[in-house]
Amino acid sequence: MTRLIVWRHGNTDWNATSRVQGQTDVALNDLGREQARIAAPLLAALRPDAIVASDLSRATATAAALAALTGLPVRADARLRERHFGRWQGLALTDAATRFPEEYARWRAGDPDPGAEIETLDDLGKRVGSALQDAADLVPGGTIVVATHGGAARQGVGHLLGWDHTVLRTIGSLANCHWTELRHDDVRGWHLRAHNVGLITRPAPGEPV
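In this text, all values refer to a predicted model and were calculated from it rather than measured experimentally.

A. Here's a closer look at the pairing of strand β5 (residues 179–185). Burial runs high along β5: 5 of the 7 residues are buried. One ladder, built from 6 bridges, connects strand β1 (residues 2–8) with β5; its direction is antiparallel. For Trp7, the partnering residue across the bridge sits in β5 and is Trp179. Pairing of β5 with strand β6 (residues 189–197) involves 6 bridges; the strand directions are antiparallel. Paired with His184 across the strands is Trp190, a residue of β6. Joining the antiparallel neighbours β5 and β6 is a turn of 3 residues.

Okay, structure coming up:
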């Protein structure tokens, strides 16, 4: 049985101020580094066989905390990047709502293609889902930890499970440095074993972007 741990990166200053990161390369802040340090021993106890991460620094730095304990290399995969938020990237969410009111309303309502040059949920799910599958294929029957982003994790996991975006909206968001656990066997295929696992160090901010 293959075990896939899909791990959201630690906190950043843009998370803390509700600024849209998307694929902008924003570093972990002190809290994010602390979160990664606390989470790493929990994941190391699962005895991972491989670590893969988005190539954005907030994900690779999170993965590095686990690599330091396990001695495993971190494989970077650009397909694991967060959703591209088009014309919103770098904006505070409040500014996005003011400048793009129609698109913002559609995004809040869960429209999979809200406009403003934001990557569609279908494209995001296929991109991240294929990266997750390739990561799992590195060690069939092993444990693989993948460090990625909140929205990317949701849609990538949904792609593997075959869940529609309307179903995924009913699943709570991953807090910073928390993870989802999937397992795969030849009878059931991919199935969800746990979600939003981890230790809360401080209250998480709102919608992960």
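More follows now that the structure is in view.
B. Looking closely at the side chain of Asp185. Position of Asp185 among the secondary structure elements: in strand β5. A polar side-chain atom of Asp185 sits 2.9 Å from the main-chain amide nitrogen of Val187. In contact with Asp185, other than residues within four places in its own chain, are Met1 and His191.

C. The nonpolar core, seen in detail. In terms of nonpolar packing, the biggest core is built from 22 residues, with Leu4, Leu80, Leu132, Ile144, Val146, Leu182 and Trp190 touching the most fellow members. Among the secondary structure elements, those contributing two or more residues to this core are β1, β2 (50–53), α6 (121–136), β4 (143–148) and α7 (150–161). Sorting elements by how many residues they give to this core places α6 first, with 7 residues. Discounting chain neighbours no more than four positions away, the residues touching Trp190 are Thr2, Leu4, Gln133, Ala136, Leu160, Leu161, Leu182, Arg183 and His184. Among the nonpolar cores identified, the runner-up in size contains 15 residues, and Trp7, Ala36, Leu43 and Val145 belong to it.

D. Summary view of the side chain of Thr62. Here Thr62 lies in helix α3 (residues 57–70). Setting aside anything within four residues of it in sequence, one finds Thr62 in contact with Trp7, Arg8, His9, Gly10, Leu28, Ala36 and Cys177.

E. Spotlight on the packing of aromatic side chains. Here the structure, examined in full by the defined rule, presents 5 aromatic pairs. Judged by centre distance (5.4 Å) and plane angle (85°), the ring pair of Trp88 and Trp107 falls under edge-to-face. With Trp88 in the loop between β3 (74–76) and α4 (93–99) and Trp107 in helix α5 (residues 101–108), this residue pair connects regions lying 19 residues apart in the sequence. Like Trp88, the residue Trp107 is buried in the burial classification. Taking relative accessible area as the criterion, Trp107 reaches 9% and is therefore assigned buried. Members of the aromatic cluster, each reached through a chain of ring pairs, are Phe85, Trp88, Tyr104 and Trp107. In this arrangement the basic side chain of Arg83 is found over the ring face of Phe85, its NZ or CZ atom lying 5.6 Å from the centre.

Basis of the calculations
- Residues numbered from 1 in each chain as written.
- Predicted model: local features only at pLDDT ≥ 70, side-chain atom pairs only at ≥ 80, totals over all residues.
- Heavy atoms only, no water.
- Buried < 20%, exposed > 50% of the residue type's maximum accessible area, 1.4 Å probe, protein only.
- Helix = DSSP H or I, 4+ residues; strand = E, 2+ residues; numbered from the N terminus.
- Pairing = 2+ DSSP bridges.
- Polar contact = N/O pair within 3.5 Å; in protein donor to acceptor, adjacent residues only side chain to side chain.
- Contact = heavy atoms within 4.5 Å.
- Core = buried A, V, L, I, M, F, W, Y, C linked by side-chain atoms within 4.5 Å.
- Phe/Tyr/Trp six-rings, centres within 6.5 Å; stacked < 30°, edge-to-face > 60°.
- Lys NZ or Arg CZ within 6 Å of the ring centre and 35° of its normal.

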